[in-house]
Amino acid sequence: DTAFHQTMPDYAYMYAIPYELYEKYGVRRYGFHGTSHRYVSKRVCDFLGINPEGSKIITCHIGNGGSISAVKDGKCVDTSMGLTPLEGLVMGTRSGDIDAGAVTFIMEKEGLTPTGVSNLLNKKSGVLGISSDMRELDAACKEGNPRALLAEKMYYYRIKKYIGAYAAAMGGVDVILFTGGVGENQSQCREAVCDGLQFIGVELDKEMNNKIHGDEAIISTPESKVKVVIIPTDEELMIASDTQAILNK
């Protein structure tokens, strides 16, 4: 699940902590959802009829768990998850990015052990920590629940922020791709994330976006400088094809 991300340069995968911790324990960014990011980044090139070489693609695997990758010339150059799947986006029960100082502060105030704080950040945080279970969020937002609306805004905002960061890291973007349970099926999420990205050339076809649920489709306008695309992920197919290739060797 981390293999696709092994092409990241060292300045992207290293943490600015004492270097000996990397040498002793391998503490660095590894990334996850690699099988999904690899499949969709390859599939979108076939779907659009473009060459991976020369393409700058941002793949957004959005669901209860979520991660974003920057894929340049067919290779991953950065990804949002880190040593563990905790880093990055706001997720269903994971906090995503958080100040390490806040973590030690909470540990001290709450008397938490390392296991306790890991449980807090991985299983009791994210959308659940702010509002409710991810499956109940949409209904709570429609009812006007302020905490649910806050959780939703935080969830969407973090995705948008990473897209902007990766567009900067790659010196532009040609394709923004949505996949995963939320990315493939929730038109509201896609619209909220794309809103405000007009400055990098994103023009969403809102009517098309609202029609698509779980199908391959281009949901940007013909005039959009950046293609916005939905590609349902197929991690099982990627694993099977890799296995076949190994056996054939």
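Source: prediction; values computed, not measured.

Enquirer: Sorry if this is basic, but what is going on with the overall build of the protein chain here?
Expert: On a plain count of helices and strands, the protein chain comes out with twelve helices and six strands. A compact globule built from 249 residues would reach a C-alpha radius of gyration of about 18 Å, and the protein chain, at 19 Å, matches this within 12%. Its C-alpha atoms put the protein chain at 55 × 55 × 35 Å along the principal axes. Scored against the burial criterion, the 249 residues of the protein chain give a buried share of 42%. Considering only intrachain contacts with a sequence separation of at least 6, the fraction spanning at least 24 residues in the protein chain is 63%. Roughly 12,800 Å² of accessible area belongs to the protein chain as shown, and the carbon and sulfur atoms make up 53% of that amount. When the 26 positive and 32 negative side-chain charges of the protein chain are each reduced to one mean point, those points stand 2 Å apart.

Enquirer: Would you take a moment to explain the pairing of strand E1 (residues 56-62) for this structure?
Expert: In terms of burial, E1 is a largely internal element, six of the seven residues being buried. Across seven bridges, the pairing between E1 and strand E2 (residues 66-72) is antiparallel. Bridge pairing in E2 links threonine 59 to serine 69. Between the antiparallel neighbours E1 and E2 lie three residues. Here E1 pairs with strand E4 (residues 175-179) via five bridges, running parallel. Note on E4: the bridge partner recorded for isoleucine 57 is valine 175.

Enquirer: Hey, could you run me through the nonpolar core in this one?
Expert: Most often, soluble globular proteins have nonpolar side chains that are buried together. One finds Ile58, Ile62, Ile68, Tyr155, Ile159, Ile163 and Ile176 to be the most contacted residues of the largest nonpolar core, which totals 38 residues. Looking at this core, the elements with two or more residues in it are E1, E2, helix H7 (134-142), helix H8 (146-170), E4, helix H10 (187-194) and strand E6 (227-230). Once residues lying within four places of it in the same chain are set aside, the contact partners of isoleucine 159 are Ile62, Ile68, Leu89, Cys189 and Val193. Tyr13, Val44, Leu177 and Ile231 belong to the second largest nonpolar core, which has 15 residues in total.

What counts and how
- Residues numbered from 1 in each chain as written.
- Predicted model: local features only at pLDDT ≥ 70, side-chain atom pairs only at ≥ 80, totals over all residues.
- Heavy atoms only, no water.
- Helix = DSSP H or I, 4+ residues; strand = E, 2+ residues; numbered from the N terminus.
- Rg over C-alpha atoms; globule rule 2.2 N^0.38 Å.
- Buried < 20%, exposed > 50% of the residue type's maximum accessible area, 1.4 Å probe, protein only.
- Contact = heavy atoms within 4.5 Å.
- Areas by Shrake-Rupley, 256 points an atom, 1.4 Å probe, with all protein chains shown as cover.
- Lys, Arg positive; Asp, Glu negative; His and termini not counted.
- Charge placed at Lys NZ, Arg CZ, Asp CG, Glu CD.
- Pairing = 2+ DSSP bridges.
- Core = buried A, V, L, I, M, F, W, Y, C linked by side-chain atoms within 4.5 Å.

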